[in-house]
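# A look at the structure
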Amino acid sequence: MKFTDLHVAIAGGGSTYTPGIVQAMLHNSDRFPVSKITLYDIDEERNEDMKLIVKYMLENDGYDNVELNATLDPEEAFTGCDFVFSQIRVGGMEMREKDEKIPLSHGLVGQETCGVGGFSYGLRSIKGLLGVVGYVQEYSPDAWILNYTNPETLIAEAIRRQFPNAHMLNACDMTISIEETMARNFGYDRKNWIAQYYGLNHFGWYTSIYDKSLQRDVMPELIEKLRKAPMKIASFNKGDQSWQDAWNKLSKILDYFPDYLPNNYLEYYFFPDIVVEETDSNHTRANMVMDGRLKNTKEMATKIRNKAEGEVLDFDFGEHGQYIVDMATSILNDSHERFMLIQPNMGAIPNLRQDAVVEIPTYVGRLGAEPISMRHPINDFHKGLMEAQNAAEKLLVDGYFEGSYQKVLEAFTLNQTVPSADKAKEVLDDLIIANKGYWPELH
Ligand code: G6P
Ligand code: MN
């Protein structure tokens, strides 16, 4: 691994998140000296569109010292890499749409990462990411992989079974997005916060948020404010009703369970019937993203291709890119900044099985993640919810590696958004057909 002239490969280069990541790298080039960016994707058209957009960003911001490549060839992409940022979406938005709509057609939650939609995505995604990690092990085994490919706990569980020694951090931007949105809505500065949090990915709780400048735990007052009125969207996803709905549900969860600040994704487990009732099964989140971010990105590339005048890159990229670059910088400089990462438990939550993959605060340095032990047990409510979800996730990953229909059916039945084994079987059988060619064969 080098510390200057960094070569970064982006797996899933054609993703709409790429400009935000590139922007964050460029804006931090004093701490993160990138000299080569390679976009790797299996979708040539989207990868070439993104190459055009990134080239435009480099030229416009005066970074003519950064080399840019786009390729479909893994050997070319991953040879000589220092960092790999992975954001692949196996099956694209077309399959996300099926993960959402098929469960809904059975009256079940249809969501990208939660419920059986998340399990459907998981069985596709694991294979794709094992592929990427395998290439990196072959062509640049010392490179650090920063992964935010969903569904994250399933991915982390599968990768550590197959590549236990991979240099890899699994991270999700949801905790910082919640924190940033609260800080902006209620007039705090997130940079002063030390957050205590535990859970599985998209399935956890804050236990305190200490504000260094105010010198107190601000979580109780944040909960009070959230119960009075839901947060409004602060920047990224502005005007996006489905994110506003998520913040509304966060406040609703707090009305029932006001002691801890929850991850908003718990809405799917606490209020599955309300979520189903409120979802338009003909127009789900995948449709909104296709009509929004995906279309905007395509239009951006077209404008650049046609040499249009005026503002071409006109959207807010959110916290996502900055979070990843901060993590990479913390590895590079061994600076032990604190991030929520998805890690094997190994005692960090003392009364949860040690081989669970959990999301917890972690220091990050040259040796990778150094997780922080909580040193106190979690309560039975959270523990029970997490144990059921964790067992379901483990069964699903077993099902993936063993090609076992039985294990996958058990995983679906155990998922807390599913009311019966009958429903689990019906939806599983439909998803097997929809995912033909993506899922392993189940026997
Ligand atoms: C957050 C989560 C991601 C998730 C994304 C969905 O950033 O942490 O895991 O993929 O939201 O957002 P979208 O706008 O695609 O529905
Ligand atoms: Mn996430």
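All of the points below concern the structure found in this document. (Residues numbered from 1 in each chain as written. Chains lettered and ligands numbered in written order. Predicted model: local features only at pLDDT ≥ 70, side-chain atom pairs only at ≥ 80, totals over all residues. Heavy atoms only, no water.)

The parallel open sheet is built from six strands, whose spatial order is β3-β2-β1-β4-β5-β6. Strands with a single pairing partner mark the edges of an open sheet, and in this sheet they are β3 (67-71) and β6 (168-170). On average, each strand axis in the sheet is tilted by 15 degrees relative to the strand beside it, whichever way the strands run. As judged from the five bridges shared by strand β2 (residues 34-40) and β3, these two strands associate in the parallel manner. Among the inter-strand pairings, I37 is bridged to a residue of β3, identified as L68. Strands in contact with helix α1 (residues 18-27) are β1 (6-11), β2 and β4 (83-86); relative to β1, the strand with the most contacts, it is inclined by about 165 degrees. (Pairing = 2+ DSSP bridges. Helix = DSSP H or I, 4+ residues; strand = E, 2+ residues; numbered from the N terminus. Axes fitted to C-alpha atoms, helices over the stretch in contact; angles between N-to-C directions. Contact = heavy atoms within 4.5 Å.)

Here we take up the packing of helix α2 (residues 44-60) against helix α12 (residues 285-305). What describes two packed helices is the angle between their axes and the distance between those same axes. Where α2 contacts α12, the axes come no closer than 9 Å and their chain directions differ by 60 degrees. One element, α2, and the other, α12, form an angle in the oblique class. Of the two possible hands of crossing, α2 and α12 adopt the one that is left-handed. Listed contacts from α12 to E45, R46, D49, M50, L52, I53 and Y56 of α2 are L294, T297, K298, M300, A301, I304 and R305. For the contact of α2 with α12, the class distribution of residues is eight nonpolar, one polar and five charged. (Parallel < 35°, antiparallel > 145°, perpendicular 65-115°, else oblique. Left-handed = near helix turned anticlockwise from the far one by under 90°. Nonpolar A, V, L, I, M, F, W, Y, C, P; charged D, E, K, R; others polar.)

Attention now goes to the environment of Q322. Positionally, Q322 belongs in helix α13 (residues 320-332). Residue classification places Q322 among the partly exposed residues on the basis of a relative accessible area of 29%. In this structure the C-alpha to C-alpha distance between Q322 and D173, which are 149 residues apart in sequence, comes to 9.9 Å. Setting aside residues no more than four positions away along its own chain, Q322 makes contact with A24, N28 and R31. (Buried < 20%, exposed > 50% of the residue type's maximum accessible area, 1.4 Å probe, protein only.)

Counted by the stated rule, this structure contains 21 aromatic pairs. Ring centres of F257 and F381 lie 4.8 Å apart, and the angle between their planes is 40 degrees; this geometry places the pair in the tilted category. Taken together, the positions of F257 in the loop between α9 (241-256) and β10 (261-262) and F381 in helix α14 (residues 380-402) put the pair 124 residues apart, joining distant regions of the chain. Its relative accessible area of 37% is what places F381 among the partly exposed residues. Here a set of aromatic residues connected by ring pairs shows up, and it is made of Y256, F257, F270, F271 and F381. Positioned above the aromatic ring of F271, the side-chain terminus of K252 is 4.8 Å from the ring centre. (Phe/Tyr/Trp six-rings, centres within 6.5 Å; stacked < 30°, edge-to-face > 60°. Lys NZ or Arg CZ within 6 Å of the ring centre and 35° of its normal.)

Now for the environment of A24. Topologically, A24 is positioned in helix α1. Overall, the relative accessible area of 5% leaves A24 in the buried class. Along the chain, A24 and Y323 lie 299 residues apart, while their C-alpha atoms are 8.6 Å from each other. Setting aside anything within four residues of it in sequence, one finds A24 in contact with G321, Q322 and V325.

The manganese ion (ligand 2) binds to the protein through C172 (SG) and H202 (NE2), with metal-donor distances spanning 2.2 to 2.4 Å. Taken together, the positions of C172 in the loop between β6 and α7 (174-186) and H202 in the loop between β7 (193-200) and β8 (203-211) put the pair 30 residues apart, joining distant regions of the chain. Like C172, the residue H202 is buried in the burial classification. (Donors = N, O, S within 2.8 Å, 3.2 Å for Na, K, Ca; no water.)

Turning our attention to the pattern of salt bridges. On inspection of all chains with the given rule, the structure shows 26 salt bridges. With a closest N to O distance of 3.1 Å, R160 and E157 form a salt bridge. Taken as a pair, R160 and E157 lie in helix α6 (residues 152-162) at a separation of three residues, close to a single helical turn. The class for E157 is buried, based on a relative accessible area of 6%. Where D240 meets R285, a salt bridge forms, and the shortest distance between an N and an O atom there is 2.9 Å. (Salt bridge = Lys/Arg side-chain N within 4 Å of Asp/Glu carboxyl O.)

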